[in-house]
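# Descriptive analysis of the structure
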Amino acid sequence: MTYVEELRQLAKDAGRSNDVEILALIEAVAITGKKELFERAKQMLIFSAAGQTARRDVWFPYPSAGEIDGDVTFGTVMGNGVPVRVRASELVRGMLVTGAPGTGKTTLTEVMAPQVAKLPNANVFLIDTKRDFLGLIQPITNLVVCDLESLKYNPFEVPDGVNPNHHAQVISAIYRKAMGVIHAGEGTFYQGVYELYDRYGVLQNKGVYPTLLDLLDQEKAKKGNPYGDEARARGREIMRLQTLCLALGETINCSKGMNLAELLSSNILLLVEGLNADVRSWLVGSLLVSMMEYRMANGQRGQGLRNWIVIDEGKSLMPANEEKKITQGTPTFTEFLLGAREWGLAALVTEHMPEALGSGIKAGSFIKLMLTLGRGTDVLDMAYAMGLNRDQIQECYQLDNYQGILKLSGRWVHPVKIQLHPSGMNRSVTLEEAKQHSQERLNHLLREVQARVPMTPNAQEKEEKTLDMDILLKHVCEHPFLSMKERFAKVGMAKSKTFKLIERLENEGYIQPLFIRVGRGRPIALLQLTEKGRQHMEQKGVFPPRFRGGLKHAFWVETAKRFFEAQGFKAEKEAPLNDGNNIVFPDLLLFGNDRRLAVEIEISDHGIKNVNKLLTLVDEIYVITEDSELKQKLMAEARKELMTDDFNRTHFMLAQELILPSV
């Protein structure tokens, strides 16, 4: 073994293999080759290694005061009592604190927040789920306490300088992540927001914004096919939107919320107790991403620590399982946190189950602190993220409350065992006291809030829509038997426009859908005029036909006519037949091959009275029913009451047998 190799091994045994002074000494021995210098270095390292062996401290060596200095203090090094300090430049690169409930996460925040608030140009933004931080109104005298009743924030409001289309995409991505929906769900949400932006003039910078309540109303108004996957997807979307609207209530009931620039320049304590994880994630995620968008749009880059954001239960915003879904890409909020430091936004993320937390935030946080954890899998997860060795991992299971393992990425390469400082915070402060303390500053933040603005179309839009409505109503009058598919193709308007007009006409009571079963497949959807729609068209000089037996009966008569004409018959609707005593009107009278046939459509059970009369006037008769039960009943009645020859001249069919491929 050479001199240098021996010294390096001794340095490793002493726990000083990365010590700058020792490395310089070994380099000097290597360059000079002097045995005297080697012996002196060897003796020093043997002494140091012996001390480490006797001590058996897996956390040795300890940092000196100069090696772990900074702007914010929150503990002491267990081993030499040196204060633990971190720099503002390190806070802005992210801090992750993990620990079971009651181990010191809240205390840590109480100790750090007042110090951060005193830094030049820095403010705190604390997201409190359990009223833990109300006592901070005493050390942070200008802290604004804001609960869900007093918070006014519209996620659809576009921050100054931000492109509306970009903001709609970002908010939609946060929605997908928070509510756990697939890409299609995000696309539906984004499309709805974009449509609202168009209707409110947001894309033209009119300064009036729709709300989540408007999006819910818009989705409810859509009246597509009530069957199939599309209808079920819309139902799920409405349920999610209702959940958000009910949970957030008056918080989001505004066109313009609190001024983002003033929020960013204030110390804020936001109370979000009572919200479930999904709703809280969307509200908090939308708010913080809006803040970052504002900073980016206004070029506020590279100005150091500006806002220190405390996020409790980080897994609700950055879940580990999300990173496993390759199709969903990088988790949006993790991406936000990792890029926020460029814009002065720093995050302290706390979590009691780090294994459920996304690995991106664990890898990207400059400061990592592991307090006592309740599960071995969580200890191992954090130990892996912090690069602990086997002996250090064993020590982690022995941590007491308010003790932790600290790792600073890059400044001090070794993990450090620390004791947290007590906060001495008064935790008896009530919500009423805290709100009263900050009421004046809260009122200042609320002064620019604008109420929700219901959408009112302008006169030109009304005129155009009324004209289009009349065109569609006239088309319904003239072509009453068209299916929706046929109507979309023949009405002469874009399908999306036709669909919206149908929704409006139905909502306003001019038409109503009529669904006709055709076996096990999707029903045929017709449009029929209501009495209001009929009167409206008569005032326009258009007189809709009235059908004996209603639209459904008339549809099947028309369908039967087309069916038998395709077989080579000539067909007439309700042609009169005279038996000498009475005039009978069959639904259809057919002529062909020197035969005269009659067709009767039986939607409901009227018996076979007409069959008896018609059999004396025609060669054969077809009785057509909608369902097989009625068909069997009429057949049994005919077999009982008719002579054999008459029964043989009577044919029974199901209406679905009449459907031609073009229908």
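Read on for an overview of the structure. Everything numeric in this text was worked out from a predicted model, so none of it was measured.

With that settled, consider the pattern of salt bridges. Taken as a whole and assessed by the stated rule, the structure comprises 27 salt bridges. Across the pair E508 and R504 runs a salt bridge, and its minimum N-O distance is 2.8 Å. The class of E508 is partly exposed, set by a relative accessible area of 30%. Residue class for R504 comes out partly exposed when judged on its relative accessible area of 25%. R546 is the salt-bridge partner of E531, the closest N and O atoms lying 3.8 Å from each other. Taken together, the residues E531 in helix α21 (residues 531-539) and R546 in the loop between α21 and α22 (550-566) connect sequence positions 15 residues apart. With relative accessibility at 43%, the residue E531 sits in the partly exposed group. Taking relative accessible area as the criterion, R546 reaches 58% and is therefore assigned exposed.

Taken together, the eleven strands give an open sheet; going across it, the order is β2-β1-β12-β11-β10-β3-β9-β8-β4-β7-β5, and neighbouring strands pair in mixed fashion. Each of the sheet's edge strands pairs with one partner strand only, and the pair in question is β2 (83-86) and β5 (144-146). Averaged over all pairs of adjacent strands, the angle between their axes in this sheet comes to 25°, without regard to strand direction. The strands touched by helix α5 (residues 105-117) are β1 (72-77), β3 (95-98), β4 (123-128), β8 (307-311), β9 (345-351), β10 (367-371) and β12 (416-420); relative to β1, the strand with the most contacts, the crossing angle is about 135°. On the sheet, helix α17 (residues 431-446) packs against β5 and β7 (268-271) and is oriented at approximately 105° with respect to β5.

Residue placement: L431 occurs in helix α17. For the pair L431 and C146, spaced 285 residues apart in sequence, the C-alpha separation works out to 9.8 Å. Among all residues touching L431, those that are not within four sequence positions of it are R131, L134, V145, D147 and L271.

With respect to topology, five strands assemble into an open sheet ordered β16-β19-β20-β21-β22, the strand pairing being mixed. Edge positions in the sheet fall to β16 (570-573) and β22 (650-654), since each has one partner strand and no second. Strand-to-strand twist across the sheet, computed as the mean angle between neighbouring axes with direction ignored, equals 25°. Of the strand pairs in this sheet, strand β21 (residues 620-625) and β22 are connected by five bridges, and their pairing is parallel. What sits directly across from Y622, in β22, is H651. Set on the sheet, helix α24 (residues 628-641) makes contact with β20 (595-602), β21 and β22; between it and β22 the angle comes to about 170°.

Before going further, it helps to examine the packing of helix α6 (residues 164-179) against helix α11 (residues 277-297). Running from N to C, α6 and α11 point in directions that differ by 150°, and their axes come no closer than 9 Å. In terms of orientation, α6 and α11 fall into the roughly antiparallel class. Judged by the sense of rotation from one axis to the other, the crossing of α6 with α11 is right-handed. The segment α6 lies against α11, with H166, H167, V170, I171, I174, Y175, A178 and M179 engaging D278, S281, W282, G285, S286, V289, S290 and E293.

On to the pairing of β12. Counted residue by residue, β12 has four buried out of five residues, so it is predominantly covered. Sheet topology places β1 next to β12; three bridges connect them, and they run antiparallel. In the strand pairing of β12, T76 is matched with Q419. Direction of pairing for strand β11 (residues 403-408) relative to β12: antiparallel, over a ladder of four bridges. In the sheet register, I405 faces β12, and the bridge partner there is K417.

Basis of the calculations
- Residues numbered from 1 in each chain as written.
- Predicted model: local features only at pLDDT ≥ 70, side-chain atom pairs only at ≥ 80, totals over all residues.
- Heavy atoms only, no water.
- Salt bridge = Lys/Arg side-chain N within 4 Å of Asp/Glu carboxyl O.
- Buried < 20%, exposed > 50% of the residue type's maximum accessible area, 1.4 Å probe, protein only.
- Helix = DSSP H or I, 4+ residues; strand = E, 2+ residues; numbered from the N terminus.
- Pairing = 2+ DSSP bridges.
- Axes fitted to C-alpha atoms, helices over the stretch in contact; angles between N-to-C directions.
- Contact = heavy atoms within 4.5 Å.
- Parallel < 35°, antiparallel > 145°, perpendicular 65-115°, else oblique.
- Left-handed = near helix turned anticlockwise from the far one by under 90°.

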